[in-house]
Amino acid sequence: MSRWIDRILKEFPADLARLWIAADPDDVLLDEQVLSSLRERGFELMPFEDSVAFRAEYEDRYRCAWNRGETAPASSLVLHLRGTNTSDLPWDYLRQARRVSLSLADLFPKLSYSVVRQIGTEHHEGMFAAQAKHAPQALGESATKEFLLTHIFKISPHLISRPEDLWRELLRLHYRDSPMPAVLAAHMAHVLGEHAEFKGLPIGELFGSKSASLRVIQDAWYRYLSRLGVTGIRTGEPKPADLVATGEVPFEHPDVRVIIDSMFLDGLLHPLAVQGLPACIPEWAKAGIVRDPLALRDLVAEGIKGILKSLPTLESSYRDWANLARRLGEVIARFHGLDSGRAEGLKPLISELQDATDERLLEWVSKHYADLPSLPVANGPVMVHHVPRFLSMRRSAGENKIALLVFDGLAVDQWVQIREALARRTPNLGFDESACFAWLPTLTSVSRQALFSGLKPREFADTIDTTSPEPTQWSRFWQDQGLRANEVLYRKGIKRIDQLADLDAGLSKPSIKIAGMVVDTVDEFVHGSVLGKRGIATQIEGWCETGFVDRLFSLLLDKGFNVYLTADHGNVEAVGQGRPNQGVTAEMRGERVRTYRSEALATESAAANSNSYRLDIAGLPANFMALFAGGRTAFMQRGEPAVVHGGISVEELLVPFIKVRYVS
């Protein structure tokens, strides 16, 4: 265990108190490793956001059990207050609880608090170790920025004087998916802005935004190939904004090209599809060129092997899994783009990859999934029920009008396909891409209801088996944020161009500030699929060619909405293992999961289905127990193939979260 974790745990001696109050204005406790370590010591953390909701859960699940001498969900409960003022808490909590105060100012006394508070929790452990080893005295604001760049990001702006230095550091930074916090990116821009060679480059944006850097690099790659006499089709990449199209990347420098190669294999960059290849093309550059279907097949194969070599481990962070979901989505989308003969030859390798990722994910979920609901959302939602809160924060930051598009059942690989179809049709659209976790079980009524309500499933236990409350829940959330009911719109069942005129009329009302919409075309493809995910890919291609998706995006953007897209769950190919026939009635009968309202029924069903497993999922109602089909199987007729959802796989559990915008 690290010194950082030890320092935090020192504030929470075991068996000292059952109820704790942690005043934590800087979200020190909202870190995956900290939360996991606290749980291992018998502590459960519960955010104090609504006094009524907190009291109901505390009384029902903890205090009553403790008073009766029964086992509660945890030995101790930590009331987490995101502030320092505890005087507003109920008097009985203050009387019973042991109080703890945590502050980055106290934990990092040698670093500037104004800088440290702008650095994400994922860097706290490294900062703590660096402070102990390399900071003999208190540092001012500028010195703290230099300190963090040197010891956390391993970059010194004063050593960057040539283009190859700049692009080497940018590529390393974004390949390991570690964009700089804005405060450090701005410092890089301030220092490097003094160099004439970097004039005109948006240095701060390049270091702080992975998507901005990739757009510049992608466009520079096409210009580089053009100078070598290679022309072709731009596949899956929108034209970048004029501001950043002038960036020239020294691809031939050894430090640069070794990373560029890996970025093409991982799908971070998109190769150029060409008909012929001049003899002057260097061997290393061929990873960024697709000459024929065989070359694309080899690109898919190398991408699979690359992922297998770098799978997340049990101690990986949720960010590692989000990154894995993106890489896997790119590979699967490319796989479905192959002709059937070449795809057939890669099926064993794809199956090996899917089995390996599923196995690792299940182990990770068993240990860490319970920590995800409590993680901070300032930089993006970690789970789908964080989405409304994140959008509220964006509205407070100046995005006055926001539209949320929920593409029901959309897996990450299917988003990749939509993105690339849009790039060919509407190159002025750009996408900032990330991923978040759906709720388990990955059923529409569970995860989509959480998405629109901003609540954990336990908080809508009475309606967990239906989506009908979504309009009310969506409106209620935004009214709690200070909006009026007539400023919030909810629509579902949007899927065809002829529905856009009616949507246009609804969005044209001057009062509308927030719009939430369900596009359920992909989910219909999934439930009607007879040809697997390759068949669904063909249907999605045809749907995109109708122009519906790009017209929907343009409709919203042209009305001044900030547009975000996500999904409630993904989907996966599975094979039937047989339907349960032991006479036990499930509350909800999904193909990948069945849920029960009593422990006895859940236990009986698990015993009767050997290729299944149970998993205690924090955040579900106490009387809502899930039984999952094992592996890539489903509770269907034995041997029957289908595309389904409800279970635990990367393709079902991690969904895209995208910001859509114009780039020129």
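So, how was this worked out
- Residues numbered from 1 in each chain as written.
- Predicted model: local features only at pLDDT ≥ 70, side-chain atom pairs only at ≥ 80, totals over all residues.
- Heavy atoms only, no water.
- Salt bridge = Lys/Arg side-chain N within 4 Å of Asp/Glu carboxyl O.
- Helix = DSSP H or I, 4+ residues; strand = E, 2+ residues; numbered from the N terminus.
- Buried < 20%, exposed > 50% of the residue type's maximum accessible area, 1.4 Å probe, protein only.
- Pairing = 2+ DSSP bridges.
- Contact = heavy atoms within 4.5 Å.
- Axes fitted to C-alpha atoms, helices over the stretch in contact; angles between N-to-C directions.
- Patch = residues over 30% accessible without salt bridge, like charges linked within 9 Å, V, L, I, M, F, W, Y side chains within 5 Å.
- Areas by Shrake-Rupley, 256 points an atom, 1.4 Å probe, with all protein chains shown as cover.
- Lys, Arg positive; Asp, Glu negative; His and termini not counted.
- Charge placed at Lys NZ, Arg CZ, Asp CG, Glu CD.
- Core = buried A, V, L, I, M, F, W, Y, C linked by side-chain atoms within 4.5 Å.
- pLDDT = per-residue confidence, 0-100.
- Phe/Tyr/Trp six-rings, centres within 6.5 Å; stacked < 30°, edge-to-face > 60°.
- Lys NZ or Arg CZ within 6 Å of the ring centre and 35° of its normal.
- Parallel < 35°, antiparallel > 145°, perpendicular 65-115°, else oblique.
- Left-handed = near helix turned anticlockwise from the far one by under 90°.
- 1 Å grid on protein atoms, 1.4 Å probe; cavity = no way out; pocket = protein on both sides within 12 Å on 5 of 7 lines; lining within 4 Å.
- Points joined across faces, edges and corners; volume = space filled by probe spheres on them.
- Nonpolar A, V, L, I, M, F, W, Y, C, P; charged D, E, K, R; others polar.
- Right-handed = clockwise from strand over helix to strand, strands pointing away.

Colleague: Please clarify how the pattern of salt bridges should be interpreted in this entry.
Modeller: On inspection of all chains with the given rule, the structure shows 57 salt bridges. The residue Arg7 makes a salt bridge to Glu11 at a minimum N-O spacing of 2.9 Å. Two residues, Asp432 and Arg661, come together in a salt bridge whose shortest N-O distance is 3.0 Å. One end of the pair, Asp432, is in strand 9 (residues 429-437); the other, Arg661, is in strand 20 (residues 654-662), and 229 residues separate them in sequence. Residue Asp432 is classed as partly exposed on the basis of its relative accessible area of 23%. For Arg661, a relative accessible area of 22% gives the class partly exposed. One salt-bridge network, held together by shared partners, links Arg162, Glu164, Asp165, Arg168, Glu169, Arg172 and Asp255.

Colleague: I'm lost on the sheet that holds strand 19 (residues 641-644) in this one. Help?
Modeller: As a general point, the strands of a sheet are linked pairwise by backbone hydrogen bonds and lie either parallel or antiparallel. Spatially, three strands are ordered 18-13-19 in an open sheet, and the strand pairing comes out mixed. Unpaired on one side and paired on the other, strand 18 (633-634) and strand 19 mark the two borders of the sheet. Alignment of strand 13 (residues 572-576) against strand 19, held across four bridges, turns out to be antiparallel. When the bridges of strand 19 are listed, Val575 appears paired with Pro641. Contacting strand 13 and strand 19, helix 23 (residues 532-545) runs over the sheet at an angle of about 140° to strand 13.

Colleague: Explain a negative patch on the surface here, please?
Modeller: On the surface, Glu352, Asp355, Glu359 and Glu363 cluster together to form a negatively charged patch. Turning to its location among the elements, Glu363 is positioned in helix 16 (residues 340-368).

Colleague: What should I look at first to understand the pairing of strand 13 in this one?
Modeller: Within a regular beta strand, the side chains point alternately toward one face of the sheet and then the other, so they alternate between its two faces. Of the pairings in the sheet, the one linking strand 13 to strand 18 comprises two bridges and is parallel in character. For Val575, the partnering residue across the bridge sits in strand 18 and is Thr633.

Colleague: Got a minute to help me understand the nonpolar core in this structure?
Modeller: The nonpolar side chains of soluble globular proteins are, as a tendency, buried together. With 189 residues, the main nonpolar core has Phe12, Leu166, Trp167, Met180, Phe207, Trp221 and Ile418 as its most contacted residues. In this structure Phe12 touches Trp20, Ala22, Leu29, Leu38, Arg41, Phe43, Val78, Val100 and Leu102, once residues within four positions along its chain are discounted.

Colleague: What is the right way to read the sheet that holds strand 4 (residues 98-101) from this model?
Modeller: Spatial strand order, 2-3-1-4: four strands in an open sheet with parallel pairing. Looking at strand neighbours, the two that pair on one side only are strand 2 (43-47) and strand 4, the edges of this open sheet. Taking each pair of neighbouring strands and ignoring which way they run, the sheet shows an average axis angle of 25°. Examined bridge by bridge, strand 2 and strand 3 (residues 76-81) share five bridges and lie parallel to one another. Pairing of Met46 across the sheet is with Leu79, part of strand 3. Taken strand by strand, helix 3 (residues 51-67) contacts strand 1 (19-23), strand 2 and strand 3, and its axis lies near 160° from that of strand 3.

Colleague: Just checking my understanding: could you explain the confidence of the model for the chain for this structure?
Modeller: Low pLDDT marks regions whose predicted coordinates should not be analysed in detail. For the chain, mean pLDDT is 90; residues scoring 70 or higher make up 96% of the total. Within the model, the stretch residues 235-245 combines pLDDT values under 50 with 31 contacts to residues more than four positions away or in other chains.

Colleague: I would appreciate a short explanation of helix 24 (residues 548-558) in the present structure.
Modeller: Residue pairs spaced three or four apart in an α-helix point in one direction, given the helix's 3.6 residues per turn. Counting buried residues along helix 24, eight of its 11 residues qualify, which places the element largely inside the surrounding structure. Those residues of helix 24 that fall on the buried side of the exposure criterion are Phe548, Val549, Asp550, Leu552, Phe553, Leu555, Leu556 and Leu557. Phi turns positive, to about 85°, at Gly560, one or two residues after helix 24.

Colleague: Teacher, can you tell me more about the packing of aromatic side chains here?
Modeller: The geometry of two aromatic rings is summed up by the distance between their centres and the angle between their planes. Scanning the entire structure with this criterion turns up 33 aromatic pairs. Where Tyr369 meets Trp439, the ring centres are 6.0 Å apart and the plane angle is 90°; that geometry is what we call edge-to-face. In this pair, Tyr369 sits in the loop between helix 16 and helix 17 (387-396) while Trp439 sits in the loop between strand 9 and helix 19 (444-453), placing the two residues 70 residues apart along the sequence. Consider the rings of Phe477 and Trp478, whose centres lie 5.1 Å apart with planes at 85°: the pair is edge-to-face. Grouping residues by exposure puts Phe477 and Trp478 together as buried. Taken together, the aromatic side chains of Phe48, Phe54, Tyr58, Tyr62, Trp66 and Tyr93 make up a single cluster linked through ring pairs. Its end group placed over the ring of Phe561, Lys401 keeps NZ or CZ at 4.4 Å from the ring centre.

Colleague: Just checking my understanding: could you explain the packing of helix 21 (residues 500-507) against helix 24 for this structure?
Modeller: Two numbers describe a pair of packed helices, the interaxial angle and the distance between the axes. Look at helix 21 against helix 24: their axes get within 11 Å of each other, and the N-to-C directions meet at 15°. Comparing the axis directions of helix 21 and helix 24 gives the class roughly parallel. In the packing of helix 21 onto helix 24, the handedness of the crossing is right-handed. Judged by residue contacts, Leu500, Leu503, Asp504 and Leu507 of helix 21 engage Phe548, Arg551, Leu552, Leu555 and Leu556 from helix 24.

Colleague: It is not clear to me how empty space enclosed by the protein should be interpreted in this structure. Could you clarify?
Modeller: By the definition in use, this model includes two cavities of 30 Å³ or more. Taken together, Leu35, Leu38, Arg39, Phe43, Glu44, Leu45, Ala370, Asp371 and Ser374 make up the lining of the largest cavity. Going through the elements one at a time, helix 2 (32-40) and strand 2 are the ones with two or more residues in the lining of the largest cavity. For the lining of the largest cavity, the class distribution of residues is five nonpolar, one polar and three charged. Its volume calculated, the second largest cavity comes out at about 50 Å³. Taken together, Ala325, Leu328, Gly329, Ile332, Ala411, Val412, Asp413, Val650, Glu651 and Leu654 make up the lining of the second largest cavity. When residues of the lining of the second largest cavity are traced back to their parent elements, those giving at least two are helix 15 (318-336), helix 18 (412-425) and helix 26 (650-653). Grouping the amino acids of the lining of the second largest cavity by side-chain chemistry returns seven nonpolar, one polar and two charged.

Colleague: What am I meant to see in unusual backbone geometry here?
Modeller: Here the bond from Leu440 into Pro441 is cis, since omega is -10°, no more than 30 degrees from zero. As for its placement among the helices and strands, Pro441 is situated in the loop between strand 9 and helix 19. The phi torsion at Asp27 lies on the positive side, around 60°, for a residue other than glycine. Considering the arrangement of structural elements, one finds Asp27 in the loop between strand 1 and helix 2. By relative accessible area, which is 10% here, Asp27 ends up buried.

Colleague: How should I be thinking about the pairing of strand 2 in this particular structure?
Modeller: Within strand 2, five of the five residues are buried, which leaves the element mostly enclosed by the surrounding structure. Neither face of strand 2 is exposed, since Phe43, Leu45 and Pro47 on one face and Glu44 and Met46 on the opposite face are all buried. Assessed by its sense of winding, the connection that carries the chain from strand 2 through helix 3 to strand 3 is right-handed.

Colleague: Would you mind showing me how to read the layout of surface pockets here?
Modeller: Vacant regions in the atomic arrangement are exposed by a probe of water-molecule size rolled over the atoms. Counted as a void, the second largest pocket has a volume near 1100 Å³. As for the second largest pocket, its lining consists of 39 residues, and the residues nearest its centre are Glu49, Asp50, Ala53, Leu455 and Glu459. The leading source of residues in the lining of the second largest pocket is helix 3, at seven residues. Residue classes in the lining of the second largest pocket are distributed as 16 nonpolar, 10 polar and 13 charged.

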